[in-house]
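Read off the chains here:
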Amino acid sequence: MREQFSLRLTALAVFCLLLANTGLVVSEFAGIGAAFELLGVPKWAVIPPAAILLWSLALFGSYRWAERIFLLMSLAFFAYPIAMILGHPHWAEVGKHLVVPHMEPSKDFILLAVALIGTTVSPYMQFYAATGVVDRGAKPEDYKLIRADAVLGAVFACVISLTIIIATAAAIGGTGPLNSAAQAAEALKPVAGQNAELLFALGLIGASALAGAVVPLSASYAIGEAAGVERSVSRSFRDAPLFLGLFTAQIVLGAAVAMTPVDVIQLLIGTQVLQGLISPIVLVYLLVLTNRRSLLGPAANSPRYRIAATSVVVGVAGMSTILLVQTVLGWFGLG
């Protein structure tokens, strides 16, 4: 990005990522605190140790070691497909809305749609996915496997998101907005019964800890790349002071703010909406770079990929624009 765009455009991309990531890091540590509160443990007793653990994971490990830990954390998501099946949803309705999506013109619907985009097409993942390829030492002959890994990872994420939505709708659909993690845990009662809160807490701990490490790493990677300095979890603090210093600062800030009295549900929705608003900006950079044959040669997007990627960017940008227009009109009493 630093080589292909002007300094101002590079700074804009990095600023957008930092803006999106700051709130997200806070929300992940708040999620860890909320999960342990379900188990009867106060958040002040777990957030600091969790921050130290995640910080140590990056500071004293290698990329491949950290990657394996992240993969183990992701196993928590398999609770949701089971909950979906045992929740006995109305499969005819599920099939109908998979083919013909349910849409509403209301501001709340658009808000949550943008939040859903933000949590699925997160800006930080675009940076992390690219820089992770470099940090693991991949070579051109590995690109086919890396592409397959990216595609399968995206499909897996979308399938898990789908099962979470269906499981939650089957268990607590129509009951109104959620106000706490304890209410959200009701979605797992079909599979866990009285152990629903325990299973939900484990899933929330795994998901929050995973993102709590990856999110600050992505911003550190991006800023390190923009500044042209050493950036790798396999390096020491002496070799990569800016990279690991930024990672440390984000962990400390996120944990400190999460210790304050925050509304976890509103914080999660707000940060994911911000992610959804910023995603189109980051995706435009990505689209321009991946279309440049002068930069990537045979690895550049084919016409088919260009059409698909452009359609996604336009769709995401359209949703974000609608939400922004609705918000601004609301300020003037016109929304």
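Small disclaimer: the values here were computed from a predicted structure and weren't measured.

Undergrad: Just to check I follow, could you spell out the nonpolar core for this structure?
TA: Taken as a class, soluble globular proteins show a tendency for nonpolar side chains to be buried jointly. Formed by 55 residues in total, the largest nonpolar core has its most connected members in Phe29, Leu54, Phe70, Tyr124, Phe200, Leu217 and Phe243. Of all the secondary structure elements, the ones that give two or more residues to this core are α1 (7–38), α2 (47–59), α3 (63–74), α7 (123–135), α9 (181–184), α11 (196–227), α12 (241–258) and α13 (264–291). Residue contributions to this core peak at 14 residues, all from α11. Not counting residues up to four positions away in its chain, the partners in contact with Leu217 are Ala58, Phe70, Tyr128, Val233, Phe243 and Phe247. Counting residues in each nonpolar core, the second largest holds 9 residues, with Ile110, Ala113, Val273 and Val316 among its members.

Undergrad: Is there a simple way to explain the side chain of Ser220 in this structure?
TA: Take Ser220: it is sitting in helix α11. Here Ser220 falls in the buried class, since its relative accessible area comes to 0%. Polar side-chain contacts of Ser220 include one of 3.4 Å to the backbone oxygen of Phe243. For Ser220, the side chain forms a polar contact with the side chain of Gln250, separated by 3.3 Å. Discounting chain neighbours no more than four positions away, the residues touching Ser220 are Phe243, Leu246, Phe247 and Gln250.

Undergrad: Before we go on, may I ask you to explain the layout of surface pockets in this structure?
TA: The rolling of a water-molecule-sized probe over the atoms marks out the regions of remaining empty space. Considering only enclosed or pocket space, the second largest pocket measures out at about 200 Å³ in volume. Lining of the second largest pocket is provided by 14 residues; of these, Ala50, Leu53, Leu54, Leu57 and Met73 occupy positions nearest its centre. Going through the elements one at a time, α1, α2, α3 and α11 are the ones with two or more residues in the lining of the second largest pocket. Looking at the lining of the second largest pocket element by element, the count peaks at 5 residues for α2. For the lining of the second largest pocket, a count of residues per class yields 12 nonpolar, 2 polar and no charged.

Undergrad: How should α11 be read in this particular structure?
TA: In an α-helix, one turn spans 3.6 residues, which is why side chains three or four residues apart end up on the same side. Here α11 spans 46 Å end to end across 32 residues, near enough to the 46 Å set by a 1.5 Å rise per residue. The buried fraction of α11 is high, at 24 of 32 residues. Note on α11: the residue one or two positions beyond its end, Gly228, has a positive phi of about 75°.

Undergrad: For this particular structure, what's the right way to read the packing of aromatic side chains?
TA: Pairs of aromatic rings are described using the distance from one ring centre to the other and the angle between the two planes. Across all of its chains, the model carries 3 aromatic pairs by this definition. Between the aromatic rings of Phe5 and Tyr285, the centroid separation amounts to 5.1 Å while the plane-to-plane angle is 75°, which identifies the pairing as edge-to-face. Of this pair, Phe5 sits in the segment before α1 while Tyr285 sits in helix α13; the two residues are 280 residues apart in sequence, bridging distant segments of the chain. Tyr285 shares its class with Phe5; the two are buried.

Undergrad: Help me understand the environment of Ala309, please; the structure alone is not making it clear to me.
TA: Relative to the elements of secondary structure, Ala309 occurs in helix α15 (residues 303–331). For the pair Ala309 and Leu286, spaced 23 residues apart in sequence, the C-alpha to C-alpha distance is 9.6 Å.

Undergrad: Teacher, can you tell me more about the packing of α1 against α2 here?
TA: A packed helix pair is summarised by two numbers, namely the angle formed by the two axes and the spacing between the axes. In the contact formed by α1 and α2, the axes pass within 10 Å of each other and the chain directions differ by 130°. In this view, α1 runs oblique relative to α2, as classed from their interaxial angle. Where α1 crosses over α2, the two elements pack in a sense that is right-handed. Between α1 and α2, the contacting residues are Phe29, Ile32 and Gly33 on the first element and Ile47, Ala50, Ala51 and Leu54 on the second. Here the contact of α1 with α2 is composed, by residue class, of 6 nonpolar, 1 polar and no charged.

Undergrad: Just to check I follow, could you spell out the packing of helix α4 (residues 79–86) against helix α8 (residues 143–172) for this structure?
TA: Two elements in contact, α4 and α8, have axes whose closest approach is 8 Å; the angle formed by their N-to-C orientations is 40°. In terms of orientation, α4 and α8 fall into the oblique class. The two elements α4 and α8 meet at a crossing, and its hand is left-handed. Across the interface between the two elements, Tyr80, Pro81, Ala83 and Met84 of α4 pack against Ile160, Thr163, Ile164, Ile166 and Ala167 of α8. Split into classes, the residues belonging to the contact of α4 with α8 amount to 8 nonpolar, 1 polar and no charged.

So, how was this worked out
- Residues numbered from 1 in each chain as written.
- Predicted model: local features only at pLDDT ≥ 70, side-chain atom pairs only at ≥ 80, totals over all residues.
- Heavy atoms only, no water.
- Core = buried A, V, L, I, M, F, W, Y, C linked by side-chain atoms within 4.5 Å.
- Buried < 20%, exposed > 50% of the residue type's maximum accessible area, 1.4 Å probe, protein only.
- Helix = DSSP H or I, 4+ residues; strand = E, 2+ residues; numbered from the N terminus.
- Contact = heavy atoms within 4.5 Å.
- Polar contact = N/O pair within 3.5 Å; in protein donor to acceptor, adjacent residues only side chain to side chain.
- 1 Å grid on protein atoms, 1.4 Å probe; cavity = no way out; pocket = protein on both sides within 12 Å on 5 of 7 lines; lining within 4 Å.
- Points joined across faces, edges and corners; volume = space filled by probe spheres on them.
- Nonpolar A, V, L, I, M, F, W, Y, C, P; charged D, E, K, R; others polar.
- Expected span 1.5 Å × (residues − 1).
- Phe/Tyr/Trp six-rings, centres within 6.5 Å; stacked < 30°, edge-to-face > 60°.
- Axes fitted to C-alpha atoms, helices over the stretch in contact; angles between N-to-C directions.
- Parallel < 35°, antiparallel > 145°, perpendicular 65-115°, else oblique.
- Left-handed = near helix turned anticlockwise from the far one by under 90°.

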